[in-house]
Amino acid sequence: MAVSTGLRLSAYHVPASLTVSCVLATLTSTVWLIAHVADALTSTTHRCPAPGCDFQVRLRGTGAAESRRWQEVAAEHPGHNYCS
C-alpha cells in the first residue's frame, strides 16, 4: 500500500520529502491496523454484565478454566458497586 502510494505521488512529480512523509504515514497506519486486527482476533474480552459499567478484562493465550475465572472476576469486580 505504501509503495503504491509513493509511486502514484511520484508520477505527479510531488517533492521527495512529501512523498516520503506520505509513504511512511501510510506504512505506519497499515502496520498499526494489522497489529490491532491480529490482537482482536487472538484475544478474549470479558465485560461486566451490569448496565452502564465499562469494566472489562482482555485475555490472551489462556485456557478454558483461566478464562472462566476471569469472566467471574469481570462480573464481580471490586468497584462494581460504583458502576452506574
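Residues numbered from 1 in each chain as written. Predicted model: local features only at pLDDT ≥ 70, side-chain atom pairs only at ≥ 80, totals over all residues. Heavy atoms only, no water.

> Can you break down the overall build of the chain residue by residue, with the values?
Secondary structure assignment for the chain yields three helices and two strands. Scanning the chain from its N terminus toward the C terminus, one meets helices and strands in the order α-α-β-β-α. Against the globule reference of 12 Å for 84 residues, the chain gives a C-alpha radius of gyration of 22 Å, more extended than a compact globule. If you line up the chain on its principal axes, its C-alpha atoms span 60 × 30 × 15 Å. Relative to its full complement of 84 residues, the chain shows a buried share of 17%. (Helix = DSSP H or I, 4+ residues; strand = E, 2+ residues; numbered from the N terminus. Rg over C-alpha atoms; globule rule 2.2 N^0.38 Å. Buried < 20%, exposed > 50% of the residue type's maximum accessible area, 1.4 Å probe, protein only.)

> Break down a nonpolar patch on the surface for me, citing the residues and quoting the values.
On the surface, Val20, Leu24, Leu27 and Val31 cluster together to form a nonpolar patch covering roughly 350 Å² of accessible area. With respect to the element layout, Val31 can be found in helix H2 (residues 16-42). (Patch = residues over 30% accessible without salt bridge, like charges linked within 9 Å, V, L, I, M, F, W, Y side chains within 5 Å. Areas by Shrake-Rupley, 256 points an atom, 1.4 Å probe, with all protein chains shown as cover. Salt bridge = Lys/Arg side-chain N within 4 Å of Asp/Glu carboxyl O.)

> Now, about the packing of helix H1 (residues 2-11) against H2: what can you tell me, with residues and values included?
Direction vectors running N to C along H1 and H2 enclose 160 degrees, while the axes themselves pass 8 Å from each other. As the angle between them shows, H1 and H2 are arranged roughly antiparallel. Of the two elements, H1 crosses H2, and the hand of that crossing is right-handed. Taken together, the residues of H2 that come into contact with H1 (itself represented by Ala2, Thr5, Gly6 and Leu9) are Thr19, Cys22, Val23, Thr26 and Leu27. The residue makeup of the contact of H1 with H2, split by class, is five nonpolar, four polar and no charged. (Axes fitted to C-alpha atoms, helices over the stretch in contact; angles between N-to-C directions. Parallel < 35°, antiparallel > 145°, perpendicular 65-115°, else oblique. Left-handed = near helix turned anticlockwise from the far one by under 90°. Contact = heavy atoms within 4.5 Å. Nonpolar A, V, L, I, M, F, W, Y, C, P; charged D, E, K, R; others polar.)

> Which residues make up the pairing of strand S2 (residues 56-60), and what values go with them?
Of the two faces of S2, only one is covered, namely that formed by Val57 and Leu59; the face formed by Gln56, Arg58 and Arg60 stays uncovered. In the sheet, strand S1 (residues 43-47) pairs with S2 via five bridges, with the strands oriented antiparallel. Paired with Ser43 across the strands is Arg60, a residue of S2. (Pairing = 2+ DSSP bridges.)

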